[in-house]
Amino acid sequence: MPVPKSPRRASIRECAVAATLVFVGSHPTAAPAATFAVTVTDPGADGACDTHCSLRDAIDAANASQGADLITVPPGFYELGAPPIVPGLATESAEVTLTDDVTLLGADPEATILDGGFLVDGTVNDTSPAVIAVAVGVSATLASLTIQNGLGGIHNDGTLTVDTCSIRGNGGPAPYAVPYDASGGLSNAGSLTVLASRVESNAAPFGGGLMNTGTAHVEDSTFSANIASLGGAILDFGSLTIRGSTLRDNVAVTVGSVPGSGGAIASAGESVIEDSTLAWNEAVVGGALFVATGAATMTVSGSSVTLNVADAASGAIANGFPGWGGLAPEPGGTLAIDGSSIASNLGAGVVAYGGTSSLVRSAVVTNRGVGLRNLARGANHLDDLVSVENTTLSANGWDTAPSDAAQIVNDEVLVLHHATLVAGASGVALRTAASGGAAMHGSVIDGTCAATSGGAPAITSDGGNVESPASTCGLTGVTDHADVADPRLGPLGAESGSTPVHALLAGSVAVDAAGTAGCPAVDQRGAARPVDGHGSGEPACDAGAYEACGGEDGDGDGIGDGCDDCPDEPNPDQADSDGDGLGDACDAATCATIPGAAAGSSGAPLAALAPLVAAWLAANRLRRRER
């Protein structure tokens, strides 16, 4: 049966003005009350939108027309700002305000350009708060155009959709615009939706690309090269959702004694980041993400946080910071990371200065600093908690002080539940306080445990743990396995999941080691737990973040056929050098059947490939008929 195609979001240039419907994006709306066509790029207004209709004329006419109007703006450079300032003369505002429902439809972001004239020949010219403002109660759409060179780009108090637009170069020179309340790219106090747009090279004191105090939804968009002191790209004081978007090369700069925080996003509200990429952002605290206040919540799911830069003591993601004084007298809010990869950042992976942090089905790997740091704020703050479940921490701390060279450094309350920690060169996987509250269940420690400062590490075992190669974590439960010579972990890789993990190889003592009590329904990859790994007929959960396949093992290599990358050739190491999903053993076996390939020729003769191609086509035709 054919799979129905998902609806395609229409290009904004496919928008049609018809007798009954207007399509903007994928949402049909009632036909416009009136349509006004801009005919000149002249910034002035003569009071009429006729054959000589400037953008100001069209907006004035739409504001005066009842109902949802349409303004078409053809290719051109539209200067909305005042002419250069002359001493002693008043300047005209660069702002145009939408006071009635309207759609501004350009030709293309690179063709229809609305310029605020904030900078003229590098000199500050006009100080209007935004190029375009949307009034309270107004529903507006800006589509297929660029808004640039304003002290602020857009200020929204109504309901605004920004679709296939470019918002760039607003807010003046770095490090941020003047006056201090400048809005940068977008300032939202209403309801804002940003679709398939680019917000880049904007600057403001707070939220260089977007300052949100209302409700904002961003999808399929890019925020890049924005700059601010708090929230280089975005500062959220309201409700924010980021989905399927990229935030890169944004910077939070230090101003005076206040450290730049949240290179990409700082949250003082309720922020959700889904299926997005955050890379090459920079700040002193939270190179990519920063939870700014105790009341703030931030949820990160299905996302990649890589190559971001932070101070050595901070991380790519920071929950709280004690240096924010009045803004955050109690550092640390609520941080939840799910199904995400925090990798190769120049600094620590995640730092919790307070509050509650959780990592589920995620990977914190190959970061320059410690993978996860849970800092103490004093004896009265033991309610601060970090929990780690179905998560791998490996190869972190490759360039840090020996005292920090660990996957986790903990001075507060830490819970490890089916986690995998693999030590780096220092050999230490977990450092925790001698008087702290670290608890472990069903986890794998490949390395040793040590105290952060003197004494022995205080760790409570709830059973089902594996430690190799020594016995330093205090694992005394009857179901614990300490002093294991080799836990039989595979190399760090995706292993058919979206985040890096260490597979359990044949003969690993971690297989079925954690029993069924408290067993999560899935492992880090989303594979079902528990599985009968030993063929005993009794499913049991494996220790660590990875659940081995178990079940039938046709080639006898200890890897169940269900997840063996080469089920017909023994390959217990699951090596896949070319990353094609087919193990090296199967690659070699396949090449051996193709003349010339096994000998290392640049390609097999076409005649030899023909039967294989024919067989593949026949199999696919059969599958199509079966569907």
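Quick notes on the rules
- Residues numbered from 1 in each chain as written.
- Predicted model: local features only at pLDDT ≥ 70, side-chain atom pairs only at ≥ 80, totals over all residues.
- Heavy atoms only, no water.
- Helix = DSSP H or I, 4+ residues; strand = E, 2+ residues; numbered from the N terminus.
- Buried < 20%, exposed > 50% of the residue type's maximum accessible area, 1.4 Å probe, protein only.
- Contact = heavy atoms within 4.5 Å.
- Areas by Shrake-Rupley, 256 points an atom, 1.4 Å probe, with all protein chains shown as cover.
- Core = buried A, V, L, I, M, F, W, Y, C linked by side-chain atoms within 4.5 Å.
- Disulfide = S-S within 2.5 Å.
- pLDDT = per-residue confidence, 0-100.
- Pairing = 2+ DSSP bridges.
- Phe/Tyr/Trp six-rings, centres within 6.5 Å; stacked < 30°, edge-to-face > 60°.
- Salt bridge = Lys/Arg side-chain N within 4 Å of Asp/Glu carboxyl O.
- Polar contact = N/O pair within 3.5 Å; in protein donor to acceptor, adjacent residues only side chain to side chain.
- Lys, Arg positive; Asp, Glu negative; His and termini not counted.

Before going further, it helps to spend a moment on the overall build of the protein chain. The helix and strand tally for the protein chain stands at three helices and 53 strands. Looking at the protein chain as a whole, 52% of its 627 residues qualify as buried. Considering only contacts in the protein chain between residues 6 or more positions apart, those separated by 24 or more positions represent 59%. Here the protein chain has roughly 24,700 Å² of accessible surface; of this, 57% comes from carbon and sulfur atoms.

For the rest of this paragraph, the subject is the nonpolar core. Of all hydrophobic cores here, the largest spans 83 residues; its most connected members are L55, I71, L104, L142 and I265. The leading source of residues in this core is helix α1 (residues 55-64), at five residues. If we ignore the near neighbours within four places in the chain, the residues touching L104 are L55, I59, I71, L98, I132, T141, L142, A143 and L145. Among the nonpolar cores identified, the runner-up in size contains 18 residues, and L235, A266, A318 and F321 belong to it.

Two cysteines joined by a covalent bond between their sulfur atoms form a disulfide. Scanning the model with the defined rule gives four disulfides in all. Through a disulfide, C519 is tied to C541; the S-S separation comes to 2.3 Å. Since a negative S-S torsion denotes a left-handed disulfide, the C519-C541 link at about 65° is right-handed. Of the two residues, C519 is situated in the loop between β53 (501-504) and α2 (584-592) and C541 in the loop between β53 and α2; the sequence distance between them amounts to 22 residues. Here C519 matches C541 in class, with each residue buried.

A few words on α1. Most of α1 sits inside the fold, with eight of its 10 residues counted as buried. Regarding α1, the residues found buried are L55, R56, D57, A58, I59, A61, A62 and N63.

Okay, the confidence of the model for the protein chain next. Averaged over all residues, the pLDDT of the protein chain equals 83, while 78% of them reach at least 70. Scored below 50 in pLDDT, residues 174-181 shows 21 contacts in the model against residues more than four places distant or in partner chains. Considering only residues more than four positions removed or in separate chains, one finds that residues 620-627, a stretch of pLDDT under 50, has one contact.

Along strand β17 (residues 184-188), five of the five residues are buried, which leaves the element largely enclosed by surrounding structure. Looking at chain direction, β17 and strand β20 (residues 210-212) are connected through three bridges and run parallel. Within the sheet, the bridge partner assigned to L186 lies in β20 and is L210.

Across all of its chains, the model carries one aromatic pair by this definition. A ring pair is formed by F321 and Y353, whose centres lie 5.3 Å apart and whose planes are at 90°; its orientation type is edge-to-face. Of this pair, F321 sits in the loop between β34 (315-319) and β35 (334-338) while Y353 sits in the loop between β37 (348-352) and β38 (356-360), and the two are 32 residues apart along the sequence. Neither residue differs from the other here; F321 and Y353 are each classed as buried.

Let's shift gears to the pairing of strand β21 (residues 215-219). The alternating pattern of β21 places A216 and V218 on a buried face and T215, H217 and E219 on a face that is not buried. Pairing of β21 with strand β25 (residues 239-243), which is carried by five bridges, proceeds in the parallel orientation. Bridge pairing links V218 to I242 in β25.

This part is about unusual backbone geometry. The amide bond that connects S468 to the next residue, P469, takes the cis arrangement and shows omega of 5°. Here P469 lies in the loop between β51 (466-468) and β52 (489-493). Cis geometry is found at the peptide bond from R529 to P530, where omega equals -15°. Residue position: P530 is located in the loop between β53 and α2. Not every positive phi belongs to a glycine, and D275 is a case in point at roughly 50°.

Time to look at the pattern of salt bridges. Pairing is possible between side chains that carry opposite charge, provided their charged atoms lie close to one another. Applying the stated criterion to the full structure yields eight salt bridges. Residue E200 is joined to R198 by a salt bridge in which the shortest nitrogen-to-oxygen separation is 3.4 Å. Ionic pairing is found between R529 and E547, a salt bridge with its closest N-O pair at 2.8 Å. Taken together, the positions of R529 in the loop between β53 and α2 and E547 in the loop between β53 and α2 put the pair 18 residues apart, joining distant regions of the chain. Overall, the relative accessible area of 6% leaves R529 in the buried class. Relative accessible area serves as the criterion here: at 2%, E547 is assigned to the buried category.

By secondary structure assignment, the location of T472 is in the loop between β51 and β52. With a relative accessible area of 29%, T472 lands in the partly exposed category. On a C-alpha basis, the gap between T472 and A482 in space is 8.4 Å, while along the polypeptide they are 10 residues apart. Filtering out sequence-adjacent residues up to four positions away, T472 remains in contact with T448, C449, P457 and E467. At a separation of 2.7 Å, a polar atom in the side chain of T472 contacts the side chain of E467.

On to the side chain of D542. Tracing the chain through its elements places D542 in the loop between β53 and α2. In this structure, D542 is buried with no salt-bridge partner, the nearest side chain bearing the opposite charge being R529 at 5.6 Å. Among the polar contacts listed, one links the side chain of D542 to the backbone nitrogen of D512, at a separation of 2.6 Å. Within polar-contact distance, the side chain of D542 engages the backbone nitrogen of A548 at 2.6 Å. Discounting residues that sit within four places of it in the chain, D542 has contacts with H418, G442, L504, A510, V511, D512, A513, A514, R529, E547 and A548.

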